[in-house]
Amino acid sequence: MTITVGVLALQGGVIEHLSLLRRAADYLSTSSSSNDGKELATLPDFDFIQVRTKEQLAQCDALIIPGGESTTMAIVARRLGLFDQLRDFVKVQHKPVWGTCAGLVMLAEEASAVKKGGQELVGGLDVRVVRNRYGTQIQSFVADLKLPFLGEEEAPFRGVFIRAPVVEEIMTTTSGSPAEQEVKEGAASASGGQQSERGAAPGDDIVAVRQRNVFGTSFHPELTQDVRIHVWWLRQVLDAARHGDLVAL
Ligand SMILES: NC(=O)CC[C@H](N)C(=O)O
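Residues numbered from 1 in each chain as written. Predicted model: local features only at pLDDT ≥ 70, side-chain atom pairs only at ≥ 80, totals over all residues. Heavy atoms only, no water.

Chemist: Sorry, what's going on with helix α5 (residues 83-92) here?
Modeler: One full turn of an α-helix is made of 3.6 residues, so residues set three or four places apart face in the same direction. Looking at α5, one finds that the buried residues are Phe83, Leu86, Phe89 and Val90. Taken down its axis, α5 places every buried residue within 125° of arc, on the same side. Along α5, the residues that are exposed and aim more than 90 degrees away from the buried face are Asp84 and Val92. Positioned one or two residues after α5, His94 has a phi angle of 55°, which is positive. (Buried < 20%, exposed > 50% of the residue type's maximum accessible area, 1.4 Å probe, protein only. Helix = DSSP H or I, 4+ residues; strand = E, 2+ residues; numbered from the N terminus. Arc of directions from axis to C-beta.)

As structure tokens, this is what we get:
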């Protein structure tokens, strides 16, 4: 079995994600060969592709929407007629999708601080993000993040924040619904903001969020050499492929 993972390649950090995805897949194949062999026996091949057309999107079992500029990405996606299919991918087929930075904006149901006239979103995460939370490009910074979903004992993750959005509100669609709880369980706060080299510290801002099949990060793991989040996400993709949907963490 081959699992096809796409990176939406309309604009932004596409190559960087593809490179870390390949490294993450290598890591999974070597780590599974050193455990009891159970995972190895069932570990499928991964195919990583750039997605610019409806046909390419249709091939994908999972998708990354990279960082870049969400307004530009939305305009190009509209021109290429990809929006309906993207929404179907996320909200009807419930395939695993991960958005980084501009990708998180695209996956939010609502966004504030948008350009005049608004911008089109794919949605899927019942959150409102605020764009450019920490200011402009020159106010970019890195901060050590504690991300509980990687494991409580794990070393902090070096988060790269470039005109980053944060989740300003987790919205209650149906009160007490499982979806709402999963958002909350999936939320990860930044800590160690004093490690920031530049710009505002994230403090308690929500910079990673998950709701069922949809995952978003404010920062750019693909701009580091740290493969842990890509490995974690590929495991989610594997689980989704095996079980038909994502399992709880
Ligand atoms: N680094 C980024 O992806 C920046 C995101 C950008 N501020 C947007 O809203 O699209």
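Chemist: Sorry, what's going on with the nonpolar core here?
Modeler: Val5, Phe46, Phe161, Trp233 and Leu234 are the most contacted members of the largest nonpolar core, which totals 42 residues. Only β1 (2-8), α1 (14-34), β2 (45-51), β3 (62-65), β7 (141-145), β8 (157-161), β11 (206-211) and α8 (228-243) provide two or more residues apiece to this core. (Core = buried A, V, L, I, M, F, W, Y, C linked by side-chain atoms within 4.5 Å.)

Chemist: Help me out: how do you make sense of the environment of Pro165 in this one?
Modeler: Inspection of the secondary structure assignment puts Pro165 in the loop between β8 and β9 (166-170). Taking the C-alpha atoms as reference points, Pro165 and Thr100, separated by 65 residues in sequence, lie 9.6 Å from one another. Once residues within four sequence positions are removed from consideration, Pro165 is found in contact with Cys101, Leu104, Val105, Val129, Val130, Arg131, Asn132, Arg133 and Ser218. (Contact = heavy atoms within 4.5 Å.)

Chemist: Even after reading the chapter, I still don't get the UniProt feature "active site" (unreviewed entry) in the protein chain, so can you show me in this structure?
Modeler: What UniProt calls "active site" (unreviewed entry) maps, in this numbering, to Cys101, His220 and Glu222. The annotated residues occupy 122 residues of the chain but converge on a single region, no pair of C-alpha atoms lying more than 10.9 Å apart. Lining residues of the largest cavity, restricted to the annotated ones just named, are Cys101. Considering the arrangement of structural elements, one finds His220 in the loop between β12 (214-217) and α8. Assessed through its relative accessible area of 7%, His220 is described here as buried. For His220, the residues in contact, after removing those within four places along its chain, are Gly67, Cys101, Val160 and Ile162. Once you skip the residues sitting within four places of it in the chain, Glu222 turns out to touch Gly13, Glu16, His17, Leu20, Gly67, Thr100 and His230. At 2.7 Å, the side chain of Glu222 and the side chain of His220 are in polar contact. (UniProt positions renumbered as here; feature names shortened; annotations may be inferred. 1 Å grid on protein atoms, 1.4 Å probe; cavity = no way out; pocket = protein on both sides within 12 Å on 5 of 7 lines; lining within 4 Å. Polar contact = N/O pair within 3.5 Å; in protein donor to acceptor, adjacent residues only side chain to side chain.)

Chemist: Mind showing me how you'd approach empty space enclosed by the protein here?
Modeler: Empty pockets left among the atoms are what a rolling probe the size of a water molecule brings to light. Taken as a whole and assessed by the stated rule, the structure comprises 2 cavities of 30 Å³ or more. Quantified by volume, the largest cavity comes out at close to 80 Å³. Residue lining of the largest cavity: Gly68, Glu69, Ser70, Cys101, Ala102, Val105, Arg131, Asn132, Arg163, Ala164 and Pro165, and that is the complete set. (Points joined across faces, edges and corners; volume = space filled by probe spheres on them.)

Chemist: Explain the pattern of salt bridges to me, please; I cannot follow it from the model alone.
Modeler: Should their charged atoms come close, side chains of opposite charge can pair. Within the structure shown, the criterion is met by 14 salt bridges. Taking the shortest distance from any N to any O, the salt bridge between Arg158 and Asp144 comes out at 2.7 Å. Separated by 14 residues along the polypeptide, Arg158 in strand β8 and Asp144 in strand β7 bring together distant segments of the chain. A relative accessible area of 17% means that Asp144 is categorised as buried. Connected through shared salt-bridge partners, Arg78, Asp84, Arg87 and Glu120 make up one network. (Salt bridge = Lys/Arg side-chain N within 4 Å of Asp/Glu carboxyl O.)

Chemist: Even after reading the chapter, I still don't get the UniProt feature "binding site: L-glutamine" (unreviewed entry) in the protein chain, so can you show me in this structure?
Modeler: Sequence positions flagged by UniProt for "binding site: L-glutamine" (unreviewed entry) are, in local numbering, Gly68, Glu69, Ser70, Arg131, Ile162 and Arg163. In sequence the annotated residues extend across 96 residues, while in space they remain close, none of their C-alpha pairs exceeding 12.8 Å. Filtering the just-named annotated residues for those lining the largest cavity gives Gly68, Glu69, Ser70, Arg131 and Arg163. Locating Ser70 in the fold gives a position in helix α4 (residues 70-79). With relative accessibility at 3%, the residue Ser70 sits in the buried group.

Chemist: Where do I start with the packing of aromatic side chains in this structure?
Modeler: Any two aromatic rings considered together are summarised by their centre-to-centre distance and by the angle between their planes. Scanning the model with the defined rule gives 11 aromatic pairs in all. Aromatic pair Phe46 and Phe48: ring centres 5.7 Å apart, planes at 10°, arrangement stacked. Ring plane angle 45° and centroid distance 5.8 Å describe the contact between Phe161 and Phe219, whose orientation is recorded as tilted. Of this pair, Phe161 sits in strand β8 while Phe219 sits in the loop between β12 and α8, placing them 58 residues apart in sequence. (Phe/Tyr/Trp six-rings, centres within 6.5 Å; stacked < 30°, edge-to-face > 60°.)

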